[in-house]
Amino acid sequence: MTVVPHLAAQENIYIQDEADSYKAFNASAHLKNMHIWHGFVVHPGAVFATSLEYKTRNEKFTFGAWGGAGFSSIDVINQDSGEYISADYKEFSFYSSYKFSEKFFIEAVSHNNYTGVEERGDELRYWSYDVTQGYNFVDLNFGYTLGDHTLLYLATILGGGSGDYEVLEDGSMENSWTHYFEVKSKVWQKDNYKLSLFAGGAWSFFTDKTFYTEGAGNIINVGLALNKDIVIGSYKVPIEVTAMWNPEKEKTVLQLDIMLF
């Protein structure tokens, strides 16, 4: 599970020549006290996250990879011994996006969070998208900016994946095809400070559960985010502090995201 890649500022690390300003490849690095995503606490401890991406000359098409590793572990139950075993947070996801205009984009993300897979006794199959194996799934996303300050974001988990299904009375599985919709709007700005409010909910047209919720739909992601720059000499460090509340799970957290480059 990943933070939405297209919103992150990035450091350019490749220049073709002095006369050409096009930079095809970019990279970024973030240090976070935890990792949250769509109302989920993906990892409760400190995380180091990196990305590497390619962008076309017209800046419309982007393809990239996002990876995260935790500084602390979580406990998972080994299915053979029944004992708790420590597992490090590990994620390697990849994505592509296309900008139709400055206001409208489409994005596809393959989330590959394989934390604790081997520790709990499963076989690690990185390219497997079986709905029951629990760590790979794909979503298709659309974003549209209203005015200059409000982003509308719709994500759909395609055909199940990572437990996004419902077991019917006859034992068969029905994919949830979970939808997630979020509104995020900038409400205040002064100097290099920016405050945004957001709210998101999930639902399914096909099942009585979703990837995010216990029922057919609910509000799961409400909060605010403050962005600012810390200036150290000539070096500018962007940071974001996010206060997130999930009403269904009654979970409230505060995430600090420091962009190193």
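For the structure itself, look to the data block above.
A brief look at the structure comes next. (Residues numbered from 1 in each chain as written. Predicted model: local features only at pLDDT ≥ 70, side-chain atom pairs only at ≥ 80, totals over all residues. Heavy atoms only, no water.)

## Examining the nonpolar core
- One finds Trp37, Tyr180, Phe211 and Tyr212 to be the most contacted residues of the largest nonpolar core, which totals 20 residues.
- Tallying contributions element by element places strand β10 (residues 150–157) first for this core, with four residues. (Core = buried A, V, L, I, M, F, W, Y, C linked by side-chain atoms within 4.5 Å. Buried < 20%, exposed > 50% of the residue type's maximum accessible area, 1.4 Å probe, protein only. Helix = DSSP H or I, 4+ residues; strand = E, 2+ residues; numbered from the N terminus.)

## Considerations on unusual backbone geometry
- Backbone geometry places Glu59, a non-glycine residue, at a positive phi of 65 degrees.
- Topologically, Glu59 is positioned in the loop between β5 (47–55) and β6 (61–77).
- Overall, Glu59 belongs to the partly exposed group, its relative accessible area being 48%.
- For Trp177, which is not glycine, the phi dihedral falls at a positive 50 degrees.
- Along the polypeptide, Trp177 turns up in the loop between β12 (173–175) and β13 (179–190).

## Some details on the packing of aromatic side chains
- Summed over the entire model, instances satisfying the criterion amount to 18 aromatic pairs.
- Taken together, a centroid distance of 5.8 Å and an interplanar angle of 50 degrees make the contact between Phe94 and Trp127 tilted. One end of the pair, Phe94, is in strand β7 (residues 84–99); the other, Trp127, is in the loop between β8 (104–112) and β9 (136–146), with 33 residues separating them in the sequence.
- When its relative accessible area of 22% is taken as the criterion, Phe94 is described as partly exposed.
- Ring pairs connect the aromatic residues Trp37, Phe40, Phe137, Tyr180, Phe211 and Tyr212, which therefore count as one cluster.
- One residue, Lys249, lies across the ring of Phe40, its end atom 5.9 Å from the ring centre. (Phe/Tyr/Trp six-rings, centres within 6.5 Å; stacked < 30°, edge-to-face > 60°. Lys NZ or Arg CZ within 6 Å of the ring centre and 35° of its normal.)

## Here we look at the environment of His38
- On the secondary structure map, His38 appears in the loop between β3 (35–37) and β4 (40–43).
- Exposure remark for His38: the relative accessible area of 8% places this residue in the buried category.
- Each C-alpha atom of the pair His38 and Ala155 lies 10 Å from the other, and the pair is 117 residues apart in sequence.
- Not counting residues within four places of it along the chain, the set of residues in contact with His38 comprises Tyr153, Ala155, Tyr180, Tyr212, Ile220 and Asn221.
- A distance of 3.0 Å separates the side chain of His38 from the side chain of Tyr212, its partner in a polar contact. (Contact = heavy atoms within 4.5 Å. Polar contact = N/O pair within 3.5 Å; in protein donor to acceptor, adjacent residues only side chain to side chain.)

## Digging into the pattern of salt bridges
- Within the structure shown, the criterion is met by four salt bridges.
- Between Lys184 and Glu240 there is a salt bridge whose closest N-O contact spans 3.9 Å. Of this pair, Lys184 sits in strand β13 while Glu240 sits in strand β16 (residues 235–246), placing them 56 residues apart in sequence. (Salt bridge = Lys/Arg side-chain N within 4 Å of Asp/Glu carboxyl O.)

## Details of the environment of Gly45
- Note on placement: Gly45 falls in the loop between β4 and β5.
- We classify Gly45 as buried; its relative accessible area is 10%.
- Through-space distance from the C-alpha of Gly45 to that of Asp122 is 23 Å; in sequence the pair is 77 residues apart.
- Beyond its immediate chain neighbours, meaning those up to four positions away, Gly45 contacts Asn33, Met34, His35 and Ser72.

## Some remarks on the environment of Glu118
- Assignment of secondary structure puts Glu118 in the loop between β8 and β9.
- By relative accessible area, which is 49% here, Glu118 ends up partly exposed.
- Counting along the chain gives 55 residues from Glu118 to Phe63, while the straight-line C-alpha distance between them is 29 Å.

## Focus: the pairing of strand β15 (residues 217–232)
- Inspection of the sheet shows strand β14 (residues 193–203) paired to β15 by 10 bridges, in the antiparallel sense. Following the sheet pairing, Leu195 is matched in β15 by Leu226.
- Pairing of β15 with β16, which is carried by 11 bridges, proceeds in the antiparallel orientation. From the neighbouring strand, Ile230 faces β16, where its bridge partner is Val237. (Pairing = 2+ DSSP bridges.)

## Comments concerning the side chain of Ser51
- The residue Ser51 is located in strand β5 in this model.
- By relative accessible area, which is 8% here, Ser51 ends up buried.
- Within the structure, the side chain of Ser51 is placed 2.6 Å from the side chain of Ser28, a separation counted as a polar contact.

## Some words on a nonpolar patch on the surface
- A cluster of nonpolar residues, Leu31, Phe48, Phe71, Ile230, Ile232, Tyr235, Leu260 and Phe261, forms a patch on the protein surface that exposes about 730 Å² of accessible area.
- If you trace the backbone, Ile232 turns up in strand β15.
- Ile232 gets classed as exposed once you look at its relative accessible area, which sits at 54%. (Patch = residues over 30% accessible without salt bridge, like charges linked within 9 Å, V, L, I, M, F, W, Y side chains within 5 Å. Areas by Shrake-Rupley, 256 points an atom, 1.4 Å probe, with all protein chains shown as cover.)

Interpretation in functional terms is not warranted from these geometric data alone.
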